[in-house]
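Each chain is listed here by its residues.
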Amino acid sequence: MQHNWTIEQRITKELRDLIVAGELEPGIRVRYRDLAEQFGVSITPVRAAVRELAHEGLIDARPNSANYVSPLSLDEIEQLYLARMGFESWLAQLGAPRLSSHDLSVMEETLQRFQAAAERSTTQCLMDIAWELRSVCYEAADRPGLLQKAADLYDRSRRYTHRTLMVAPRRQRSTAVAKAFYGACVGHDGELAAETIRGALQVTFQDLLGMIDPAANGQLAS
């Protein structure tokens, strides 16, 4: 898929990807000049990217202070995934009965790309496509405010979801969920679509709770 991104949007995505993949580890200092050199740009788009990622909760940015990659924590896991269960299951319930034949065709093509990405173990791409698949249904709900909140929560939870997709069985499970969700949408079954999303998020939530290091003040184990 082609994107006509501005420099700021491209740097934001590249910096987000580094944080999500753990290449910029929690607690590491974010230095404008170093990132500008790494990306081959001026400091200005880097500053814009840091502001956006601070809004997403990925960077701890404070006025007149150094910026750091935010820690991974139990508190954030609970806030993100419990909120997602509510927003996304409701959007699925409303959206599935309203899907058009064109919407379903788009979802079918997206599901095929999802399966291919899962087989290639491309986690970042897998998360992008997973949202594409879900958002077709969510957009049909015609709740733009809720959709934006759900999208923001999805982006903020990427670095947690990334950790659960690093092993093949979990990617296979995600493929099964994607197929089940598509099947519920084809049947215009809002209740089943909602339950599929809620159940998938619950399982991911439990996976993440299992990664918590009790000796590290509620933070995820390395």
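None of the values given here were measured: they were computed from a predicted structure.

**Q** Which parts of the structure should I look at to understand the state of the cysteines?
**A** A covalent bond between the sulfur atoms of two cysteines is referred to as a disulfide. Tallied over the entire structure, the rule returns 0 disulfides. Cys 137 forms no disulfide, and the closest cysteine sulfur to it belongs to Cys 185, at a distance of 3.9 Å.

**Q** How should the packing of helix 9 (residues 168–186) against helix 10 (residues 190–210) be read in this particular structure?
**A** When two helices pack together, their arrangement is given by the angle between the helix axes and the distance between those axes. The geometry of helix 9 relative to helix 10 is characterised by a closest axis approach of 8 Å and an angle of 165 degrees between their N-to-C directions. When the axes of helix 9 and helix 10 are compared, the pair comes out roughly antiparallel. Helix 9 and helix 10 meet at a crossing whose hand is left-handed. Counted together, Arg 170, Arg 173, Val 177, Ala 180, Phe 181 and Ala 184 of helix 9 and Leu 192, Ala 193, Thr 196, Ile 197, Ala 200, Val 203 and Asp 207 of helix 10 form the full contact between these two elements.

**Q** Could you clarify how one ought to interpret the sheet that holds strand 3 (residues 67–69) in this entry?
**A** Note: strands within a sheet are paired through backbone hydrogen bonds, in either parallel or antiparallel orientation. Here we have 3 strands laid out as an open sheet, ordered 1-3-2, and antiparallel in their pairing. The open sheet has two edge strands, strand 1 (29–30) and strand 2 (59–60), and neither has a second partner.

**Q** How should the packing of helix 4 (residues 74–95) against helix 6 (residues 123–140) be read in this particular structure?
**A** Running from amino to carboxyl end, helix 4 crosses helix 6 at an angle of 60 degrees, the nearest separation of the two axes being 6 Å. The two elements helix 4 and helix 6 cross, and the hand of that crossing is left-handed. On helix 6, the residues touching Arg 84, Glu 88, Leu 91, Ala 92 and Gly 95 of helix 4 are Trp 131, Arg 134, Cys 137, Tyr 138 and Ala 140. Taken together, the residues of the contact of helix 4 with helix 6 break down into 6 nonpolar, 1 polar and 3 charged.

**Q** Just to check I follow, could you spell out the environment of Arg 198 for this structure?
**A** Within the fold, Arg 198 resides in helix 10. Under the relative-accessibility criterion, Arg 198 is labelled partly exposed at 31%. Separated by 109 residues in sequence, Arg 198 and Ser 89 place their C-alpha atoms 5.6 Å apart. Look past the residues within four positions of Arg 198 in its chain and what remains in contact with it is Met 85 and Ser 89.

**Q** Is there a simple way to think about the packing of aromatic side chains in this case?
**A** Think of a pair of aromatic rings as described by two things: how far the centres are apart, and how the planes are tilted against each other in angle. With the rule as written, the count across this model stands at 3 aromatic pairs. With 5.6 Å between their ring centres and 65 degrees between their planes, Trp 131 and Tyr 138 make a pair best called edge-to-face. Accessibility assignment for this pair places Trp 131 and Tyr 138 in one class, buried. Taking the centre distance of 6.5 Å and the plane angle of 65 degrees together, the rings of Tyr 138 and Phe 181 count as edge-to-face. Taken together, the residues Tyr 138 in helix 6 and Phe 181 in helix 9 connect sequence positions 43 residues apart. Every member of this aromatic cluster is reached through a ring pair, and the members are Trp 131, Tyr 138, Tyr 154 and Phe 181.

**Q** Help me understand the pattern of salt bridges in this model?
**A** Any two side chains of opposite charge can pair if their charged atoms end up close together. Going through the model one piece at a time under the given rule, you end up with 14 salt bridges. Linking Arg 84 and Glu 88 is a salt bridge whose minimum nitrogen-to-oxygen distance equals 2.7 Å. Taken as a pair, Arg 84 and Glu 88 lie in helix 4 at a separation of 4 residues, close to a single helical turn. Taken together, the shared-partner salt bridges connect Arg 84, Glu 88 and Arg 134 into one network.

**Q** What is the right way to look at the environment of Ala 130 in this model?
**A** With respect to the secondary-structure elements, Ala 130 resides in helix 6. When the C-alpha positions of Ala 130 and Gln 115 are compared, they lie 10.0 Å apart, and in sequence the two are 15 residues distant. In this structure, Ala 130 is in contact with Phe 114 and Tyr 154, ignoring residues within four places of it in sequence.

Conventions adopted
Residues numbered from 1 in each chain as written. Predicted model: local features only at pLDDT ≥ 70, side-chain atom pairs only at ≥ 80, totals over all residues. Heavy atoms only, no water. Disulfide = S-S within 2.5 Å. Axes fitted to C-alpha atoms, helices over the stretch in contact; angles between N-to-C directions. Helix = DSSP H or I, 4+ residues; strand = E, 2+ residues; numbered from the N terminus. Parallel < 35°, antiparallel > 145°, perpendicular 65-115°, else oblique. Left-handed = near helix turned anticlockwise from the far one by under 90°. Contact = heavy atoms within 4.5 Å. Pairing = 2+ DSSP bridges. Nonpolar A, V, L, I, M, F, W, Y, C, P; charged D, E, K, R; others polar. Buried < 20%, exposed > 50% of the residue type's maximum accessible area, 1.4 Å probe, protein only. Phe/Tyr/Trp six-rings, centres within 6.5 Å; stacked < 30°, edge-to-face > 60°. Salt bridge = Lys/Arg side-chain N within 4 Å of Asp/Glu carboxyl O.

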